[in-house]
Amino acid sequence: MAKKTIEDIEWQGKRALVRVDFNVPMNDAGEITDDTRIRAALPTITYLKEHGARVILMSHLGRPKGERNDKYSLRPVAEHLQGLLGEGHVSFVDDCIGEKVKEAVAALHEGDVLLLENVRFYAGEEKNRADLAEALAELGDVFVNDAFGTAHRAHASTAGVADYLPSVAGYLMEKEVGIMGEALASPKRPFVAIIGGAKVSDKIQVIENLLPKVDALLIGGGMANTFLAVQGYDMAKSLVEADALETAGKLLELAKQHGSRLLLPTDVIAAKAFAADAEHAVRQVNEIEADEMALDIGPDSIALYQKEIKSAKTVIWNGPMGVFEMPAFAKGTFAIAQAMVEADATTIVGGGDSVAAVEQAGVASKMSHVSTGGGASLEFLEGKALPGVEAIADK
Ligand SMILES: Nc1ncnc2c1ncn2[C@@H]1O[C@H](COP(=O)(O)OP(=O)(O)OP(=O)(O)O)[C@@H](O)[C@H]1O
Ligand SMILES: O=C(O)[C@H](O)COP(=O)(O)O
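Residues numbered from 1 in each chain as written. Chains lettered and ligands numbered in written order. Predicted model: local features only at pLDDT ≥ 70, side-chain atom pairs only at ≥ 80, totals over all residues. Heavy atoms only, no water.

- Under the annotation held in an unreviewed UniProt entry, the protein chain carries the name Phosphoglycerate kinase and is attributed to Alicyclobacillus fodiniaquatilis.
- Quoted straight from UniProt, the Subcellular location (unreviewed entry) entry for the protein chain says "Cytoplasm".
- Here is the UniProt Catalytic activity (unreviewed entry) comment for the protein chain, exactly as written: "(2R)-3-phosphoglycerate + ATP = (2R)-3-phospho-glyceroyl phosphate + ADP". (UniProt positions renumbered as here; feature names shortened; annotations may be inferred.)

Below is the structure:
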């Protein structure tokens, strides 16, 4: 990455103001149900501790709309982080700016960690207000951005603060941007992208950005229905986006122009209802019956997509192949995950639902990279500049 990183700073005694994405799922009892994002920030925190920095962590949690709300407090995260780090001291302060926070920072020893309260308790965070950014910046000597998951937001703690402090990337940010950036800029070929999910309209820009770069683009999920419909297939009761038909047609044209192969399912699992126990059968795409809907890709399509994936050298995946939340319609999604594991390729998974699927399949650790960003990884794949990355100083 052509950005400065934590290794470019002499940390001894310095205050590292680190933006992390600790926006983790919690249950009603306030327990963290998935700590992936916290664990993903540990390499940066550990490096800073070991190099004698005083580590001040800031994050958002949920969408408290600019007001203090205990439901969105980061206190449980501080306790969890203490457990993960094992040694040393992790403290928590129930605000993110002001005198109380300054005192907590002043009390830190080298190697200590302090987690600030949710930055979104201030409306200035999402508005990227300069007064909040400046007040946050007063707490540190150097700004470290390790919050890839929030890098698509131009907020006070992700971008604004960089106007007041030297800014560097943490290890997670470096890894996310490095591996996905490399795959998009100079992929080992064949380069195959798999795009799924509910709607074409959510992924138009991703497809537009990827088509000129990939050797093959495999389409699955609900969005495949709209592509099939525009080709004249009767998708019956399937989810088809009527107002995206024209766009789907244009994307098929674009694929031809770039000479990239855009593959659609040739068969589907067609069900009589959108329900876990619905009666269902394998149908070729020209054989879907009037009272059926396509809820997964079929066995021929799985075999076709697996072959493409296994002969690839770079594979990027975003969005499930079917309604994977229901076991009867999860086979396509899990088959893609398994083919990626078996491929001798750089394998990258980005986007909320596909990440959930690889975790459910127990194969997340077998991928080259599983992104911690949902919206951020989607915008990255769209080719957009991410404000949180832009704010980091160039090397
Ligand atoms: N054939 C289909 N018909 C209807 N819904 C489908 C179909 N295939 C997949 N889906 C649904 O699409 C949803 C996932 O789409 P979505 O675009 O929201 O996810 P994603 O691409 O992983 O992005 P995000 O990161 O926003 O979750 C899943 O809930 C899945 O059940
Ligand atoms: O979970 C995410 O995608 C990030 O933490 C960003 O959260 P947001 O969509 O509320 O900005």
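A closer look at the site of ligand 1
- The full set close to ligand 1 counts 19 residues, and A198, K203, E325, G352 and D353 are the nearest of them.
- Within the side chain of K203, a nitrogen or oxygen atom sits 2.4 Å from an oxygen atom of ligand 1.
- Here A294 contributes a backbone N or O atom positioned 3.0 Å from a nitrogen atom of ligand 1.
- Under a 2 Å grid-point criterion requiring more than half of the atoms, the pocket assigned to ligand 1 is the second largest pocket.
- Mapped onto the shell around ligand 1, the elements with two or more residues apiece are β12 (293–297) and α13 (352–360).
- Per-element accounting of the shell around ligand 1 gives the leading share, 3 residues, to α13.
- In the shell around ligand 1, the residues fall into 7 nonpolar, 9 polar and 3 charged. (Near = heavy atom within 4 Å. Polar contact = N/O pair within 3.5 Å; in protein donor to acceptor, adjacent residues only side chain to side chain. 1 Å grid on protein atoms, 1.4 Å probe; cavity = no way out; pocket = protein on both sides within 12 Å on 5 of 7 lines; lining within 4 Å. Sits in = over half its atoms within 2 Å of the grid points. Helix = DSSP H or I, 4+ residues; strand = E, 2+ residues; numbered from the N terminus. Nonpolar A, V, L, I, M, F, W, Y, C, P; charged D, E, K, R; others polar.)

Quick word on the site of ligand 2
- Around ligand 2, a shell composed of D21, N23, R37, H60, R63, R120, G149, T150 and R153 is seen.
- At a separation of 2.8 Å, an oxygen atom of ligand 2 approaches a polar side-chain atom of D21.
- Within the side chain of R120, a nitrogen or oxygen atom sits 2.8 Å from an oxygen atom of ligand 2.
- When ligand 2 sits alone it has 310 Å² of accessible area, and the protein chains cover 85% of it.
- Judged by its atoms lying within 2 Å of the grid points, ligand 2 is housed in the largest pocket.
- A per-class count over the shell around ligand 2 returns no nonpolar, 4 polar and 5 charged. (Areas by Shrake-Rupley, 256 points an atom, 1.4 Å probe, with all protein chains shown as cover.)

Digging into the sheet that holds strand β11 (residues 280–284)
- One open sheet accounts for 3 strands, arranged β11-β10-β12; its pairing is antiparallel. The sheet terminates laterally at β11 and β12, the two strands that pair on one side only. The mean inter-strand angle of the sheet, taken between neighbouring strand axes irrespective of direction, is 40°.
- By the bridge criterion, 5 bridges tie strand β10 (residues 267–271) to β11 in an arrangement that is antiparallel. Within β11, the position partnered with V268 by the bridge is R283. (Pairing = 2+ DSSP bridges. Axes fitted to C-alpha atoms, helices over the stretch in contact; angles between N-to-C directions.)

Focus on the sheet that holds strand β8 (residues 216–219)
- With parallel pairing, the 6 strands of this open sheet are ordered in space as β9-β8-β7-β13-β14-β15. The open sheet terminates on both sides in strands that have one partner only, identified here as β9 (261–263) and β15 (369–370).
- When strand β14 (residues 346–349) meets β15, the two strands line up parallel, connected through 2 bridges. Counterpart to V349 in the pairing with β15 is V370.
- Helix-sheet contacts for α13 involve β13 (314–318), β14 and β15, and the interaxial angle to β13 is about 110°. (Contact = heavy atoms within 4.5 Å.)

Looking at the packing of aromatic side chains
- Counted according to the given criterion, the structure contains 2 aromatic pairs.
- Ring geometry for Y47 against Y171: centres 5.6 Å apart, planes inclined by 90°, an arrangement best described as edge-to-face. Here Y47, found in helix α2 (residues 42–50), pairs with Y171, found in helix α7 (residues 171–185); they are 124 residues apart in sequence, far enough to count as distant.
- The exposure class assigned to Y171 is partly exposed, which follows from its relative accessible area of 23%. (Phe/Tyr/Trp six-rings, centres within 6.5 Å; stacked < 30°, edge-to-face > 60°. Buried < 20%, exposed > 50% of the residue type's maximum accessible area, 1.4 Å probe, protein only.)

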